[in-house]
Amino acid sequence: MGPHPDRQKDVAKALGAALHRPALLPAPSPALRLVLGGFAAEVLDSHRVLPTRLSASGFGHTHPDLGAAMRWLVTTG
């Protein structure tokens, strides 16, 4: 979403704010495993990834923070 990694709870909170709805509970992992099957590991595993090569090459993020990215997503989706 931007130049820094965010936690799932922060993404849910920002999405809830963009939708003007509360984000009270995180998605339970057993439910995600049931719905997503083998893809659940991609969603549930944790990786802290930084865009060092993008930043070093001068790439500029259109939405540098999570809130701006979620507001854009909600208005254009």
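Residues numbered from 1 in each chain as written. Predicted model: local features only at pLDDT ≥ 70, side-chain atom pairs only at ≥ 80, totals over all residues. Heavy atoms only, no water.

- Where an unreviewed UniProt entry is consulted, the protein appears under the name DUF1731 domain-containing protein, with the organism given as Nostocoides japonicum T1-X7.

**Brief notes about the overall build of the protein**
Item 1. Within the protein, the secondary structure is distributed over 5 helices and 0 strands.
Item 2. Listed N to C, the secondary structure of the protein is α-α-α-α-α in terms of helices and strands.
Item 3. The globule rule puts the C-alpha radius of gyration for 77 residues at 11 Å, and the 14 Å found for the protein is more than 25% above it.
Item 4. Each principal axis of the C-alpha distribution contributes one length, and for the protein these read about 40 × 30 × 20 Å. (Helix = DSSP H or I, 4+ residues; strand = E, 2+ residues; numbered from the N terminus. Rg over C-alpha atoms; globule rule 2.2 N^0.38 Å.)

**Structural notes on the layout of surface pockets**
Item 1. One number sums up the size of the largest pocket: a volume of about 690 Å³.
Item 2. Lining the largest pocket we find 20 residues, and of these Asp6, Arg7, Gln8, Asp45 and His47 sit closest to its centre.
Item 3. Sorting the residues of the lining of the largest pocket by element identifies α1 (8–19) and α3 (40–44) as the ones contributing at least two each. (1 Å grid on protein atoms, 1.4 Å probe; cavity = no way out; pocket = protein on both sides within 12 Å on 5 of 7 lines; lining within 4 Å. Points joined across faces, edges and corners; volume = space filled by probe spheres on them.)

**Some words on the UniProt feature "domain: DUF1731" (unreviewed entry) in the protein**
Item 1. Per the UniProt record, the feature "domain: DUF1731" (unreviewed entry) sits at residues 27–73.
Item 2. Secondary structure over residues 27–73 splits into 55% helix and 0% strand, and the C-alpha atoms at its two ends are 20 Å apart. (UniProt positions renumbered as here; feature names shortened; annotations may be inferred.)

**Some points on the packing of α1 against helix α5 (residues 66–76)**
Item 1. In the contact formed by α1 and α5, the axes pass within 9 Å of each other and the chain directions differ by 50°. As judged from the angle between their axes, α1 and α5 are oblique. The handedness of the crossing between α1 and α5 comes out as right-handed. Facing α1, whose interface residues are Asp10, Val11, Ala14, Leu15, Ala18 and Leu19, α5 presents Leu66, Met70, Arg71 and Val74.
Item 2. Looking at the contact of α1 with α5, its residues break down into 8 nonpolar, no polar and 2 charged. (Axes fitted to C-alpha atoms, helices over the stretch in contact; angles between N-to-C directions. Parallel < 35°, antiparallel > 145°, perpendicular 65-115°, else oblique. Left-handed = near helix turned anticlockwise from the far one by under 90°. Contact = heavy atoms within 4.5 Å. Nonpolar A, V, L, I, M, F, W, Y, C, P; charged D, E, K, R; others polar.)

**A word on a nonpolar patch on the surface**
Item 1. Taken together, the side chains of Leu15, Leu19, Trp72, Leu73 and Val74 define a hydrophobic patch exposed on the protein surface, amounting to about 400 Å² of accessible area.
Item 2. Contributing elements (two or more residues each) for the nonpolar patch: α1 and α5.
Item 3. Ranked by residue count, the leading element in the nonpolar patch is α5, at 3 residues.
Item 4. Considering the arrangement of structural elements, one finds Leu15 in helix α1. (Patch = residues over 30% accessible without salt bridge, like charges linked within 9 Å, V, L, I, M, F, W, Y side chains within 5 Å. Areas by Shrake-Rupley, 256 points an atom, 1.4 Å probe, with all protein chains shown as cover. Salt bridge = Lys/Arg side-chain N within 4 Å of Asp/Glu carboxyl O.)

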